[in-house]
Amino acid sequence: QVQLVESGGGLVQAGGSLRLSCAASGSIVSIPAMGWYRQAPGKERELVAAFTIGGFTRYADSVKGRFNISRDNAKNTVYLQMRSLKPEDTGVYYCKTTAQAMGLPISVYWGQGTQVTVSS
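Residues numbered from 1 in each chain as written. Predicted model: local features only at pLDDT ≥ 70, side-chain atom pairs only at ≥ 80, totals over all residues. Heavy atoms only, no water.

Caption draft 1: Highlighting the sheet that holds strand 8 (residues 77–82). Taken in spatial order, the 4 strands of this open sheet run 1-3-8-7, and their pairing is antiparallel. In this open sheet, the two edge strands, each paired with only one partner strand, are strand 1 (2–7) and strand 7 (67–72). Going from strand to strand, the sheet's axes swing by 15 degrees on average, the running direction of each strand aside. Direction of pairing for strand 3 (residues 18–26) relative to strand 8: antiparallel, over a ladder of 6 bridges. The residue bridging C22 from the neighbouring strand is V78, located in strand 8. (Pairing = 2+ DSSP bridges. Helix = DSSP H or I, 4+ residues; strand = E, 2+ residues; numbered from the N terminus. Axes fitted to C-alpha atoms, helices over the stretch in contact; angles between N-to-C directions.)

Caption draft 2: Up close: the pattern of salt bridges. One pass over the full model with this rule turns up 4 salt bridges. Salt-bridge contacts for R38 lead to E46; the nearest nitrogen and oxygen are separated by 2.8 Å. Relative accessible area serves as the criterion here: at 36%, E46 is assigned to the partly exposed category. Between R66 and D89 there is a salt bridge, with the nearest N and O atoms lying 2.8 Å from each other. Residue R66 is found in the loop between strand 6 (57–59) and strand 7, and its partner D89 is found in the loop between strand 8 and strand 9 (91–101); the two are separated by 23 residues along the sequence. Among the charged side chains, a network of salt bridges with common partners joins R38, E46, R66 and D89. (Salt bridge = Lys/Arg side-chain N within 4 Å of Asp/Glu carboxyl O. Buried < 20%, exposed > 50% of the residue type's maximum accessible area, 1.4 Å probe, protein only.)

Have a look at this one:
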């Protein structure tokens, strides 16, 4: 099994910055993909930024130029640096990983989510 622990959410004024972290733990063999999704109230969960299988980086159009995703493979951790935050960035941010744990097939795992609230 793989466990994901997110941190770094909170309340920030528009124009401010936050940095989210997601650490994966467990009997991890490999992590081919890892990224961030968010869900605003009344809306579907959407991709924010991710490292995809194959080594590509994807960003939602709405965050390009403001958010930056990075990862520390040695720590099995992915980060999301968010700058110039807007009220529409408000939502619960979820970490998602496609990972292989020892003795298990490659599977998708989700974190518990961390709230980001941007006030105007």
